[in-house]
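# Close look at the chain arrangement
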Amino acid sequence: MSRKINFNAGPAALPLPALERAREEMLDFAGSGMSVMEHSHRGKEYEGVHDEAIALVRELLGVPSSYEVLLLQGGATALFAQIPMNLLDKGKTAQYLITGAWGEKALGEAKLVSALFGANVAVQSLGVGEGKEKKYTRVPAPSEVKVDPGASYLHITSNETIHGVEFNVDGSRGFPATGAVPLVADMSSDFLWRPFDITKFGIAYAGAQKNIGPSGVVVVVVSKELVEKGRKDIPKIWQFRTHAENKSLYNTPPTFGVYMVRNVLSWLKGQGGLVKVEEVNRKKASRLYGVIDKNPQFFRSPVEKESRSVMNVVFRLPSEELEATFIAEAKKAGMVGLKGHRSVGGIRVSMYNAASYEWVDTLAGFMEEFARVK
Ligand SMILES: *Cc1c(COP(=O)(O)O)cnc(C)c1O
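Presented here is an overview of the structure given in this document.

### Details of empty space enclosed by the protein
Scanning the model with the defined rule gives 3 cavities of 30 Å³ or more in all. Estimated volume of the largest cavity: approximately 40 Å³. If you trace the largest cavity, you find it lined by N6, F7, N8, A12, A13, S350, M351, Y352, A354 and A355. Its residues placed into classes, the lining of the largest cavity shows 7 nonpolar, 3 polar and no charged.

### Observations regarding the pairing of strand β4 (residues 120–125)
Sheet analysis places strand β3 (residues 93–98) next to β4, joined by 6 bridges and oriented parallel. What sits directly across from Y96, in β4, is V123. Taking the sense of rotation as the criterion, the β-α-β connection linking β3, helix α4 (residues 101–117) and β4 turns out right-handed.

### Describing the packing of aromatic side chains
Centre-to-centre distance and the angle between the planes together describe a pair of aromatic rings. If you walk through the whole model with that rule in mind, you get 17 aromatic pairs. Here F175 and F201 contribute two aromatic rings whose centre-to-centre distance is 5.0 Å and whose plane-to-plane angle is 80 degrees, an arrangement assigned as edge-to-face. Residue F175 is located in the loop between β7 (165–166) and β8 (183–186), and its partner F201 is located in the loop between β8 and β9 (203–207); the two are separated by 26 residues in the primary sequence. The burial state of F175 is the same as that of F201; both residues are buried. Consider the rings of F315 and F326, whose centres lie 6.1 Å apart with planes at 85 degrees: the pair is edge-to-face. Here F326 lies in helix α9 (residues 320–332) and F315 lies in strand β11 (residues 312–315), a separation of 11 residues in the sequence.

### A word on the pattern of salt bridges
Proximity of charged atoms lets side chains of opposite charge pair with each other. On inspection of all chains with the given rule, the structure shows 22 salt bridges. Between E59 and K269 there is a salt bridge; the shortest N-O distance is 3.3 Å. Taken together, the residues E59 in helix α2 (residues 44–61) and K269 in helix α7 (residues 255–270) connect sequence positions 210 residues apart. Here E59 falls in the partly exposed class, since its relative accessible area comes to 47%. Linked through salt bridges whose partners overlap, the residues forming this network are R21, E25, E52 and R262.

So, how was this worked out
- Residues numbered from 1 in each chain as written.
- Predicted model: local features only at pLDDT ≥ 70, side-chain atom pairs only at ≥ 80, totals over all residues.
- Heavy atoms only, no water.
- 1 Å grid on protein atoms, 1.4 Å probe; cavity = no way out; pocket = protein on both sides within 12 Å on 5 of 7 lines; lining within 4 Å.
- Points joined across faces, edges and corners; volume = space filled by probe spheres on them.
- Nonpolar A, V, L, I, M, F, W, Y, C, P; charged D, E, K, R; others polar.
- Pairing = 2+ DSSP bridges.
- Helix = DSSP H or I, 4+ residues; strand = E, 2+ residues; numbered from the N terminus.
- Right-handed = clockwise from strand over helix to strand, strands pointing away.
- Phe/Tyr/Trp six-rings, centres within 6.5 Å; stacked < 30°, edge-to-face > 60°.
- Buried < 20%, exposed > 50% of the residue type's maximum accessible area, 1.4 Å probe, protein only.
- Salt bridge = Lys/Arg side-chain N within 4 Å of Asp/Glu carboxyl O.

In structure tokens:
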């Protein structure tokens, strides 16, 4: 068996031990004579896995009892609609801080919901240019964010996966301070690679396929206050309350997806938790950005230094031809997933928790050699 060095942006590489555990347990889960996906979601075998996945999110992140941890379906995209559906009302305003394409998508859904409810959406965008030429190269400093104290919430994308711009926790590009206005964050490509204070947020949500499991599961950490405030006149399936009251077992959950999240998070805990993986992740980022910075005539990062993403590193080479050669030669050397998003081009290296330092070091060595000989 030869496994690739996989820098896919999402669905992304999963830790090998989490996959091996799934292989071992596939045909006979916990001596039950069937796989976990053949079990009733109301039975004790599955329920144990479900509870463990939720407990691991709580433990790893230090989620207090004033928050719910929900395991939902439909990806982060479903939350783009579900959040305004729960939190908007006639005459109210939702604020969107746009630092890239995912934020734009979230905004689009919020606009549709607000039109239905007679609510408003206020937008602050860091995009430069228009249409196809539009560029996102940074996140704002906290002082640049204009918070409307009457807003129902302020939405950010903590890491823009396509553009490689990321808020740092509380540095020069820290999360905005929103006072009494709930801060809501799409953390899909930014979840559980470092510790952060969840109590600064009203909601943090993440599609699993970047850092914590397979696609099909979205983890939502939401304050009980917001769950209670949520509208009661939307379909039950969209109310956070429904899922909170039913431990995310209102309807059949994506059981195999949740099982894989359990395997990944249990591996993460075994690695020493978020403090330990953050050390590794920072070491990976400094190795890779180090090569970019040492070869400025060859590798060009469009992202402002303070806003650089630790998870998704984007850069350009001197020409598109060289970029194509770079991707092809890297592939021959066993490294895949390096093509930038089709909307922006260039190279993107996604290196979530499952990407080891050795992988990144191998790529960095390849880049140094490529820059030397081309
Ligand atoms: C991948 C991604 C999404 C989309 O997730 P789906 O599971 O496809 O809905 C949303 N936001 C961010 C920041 C992402 O990286």
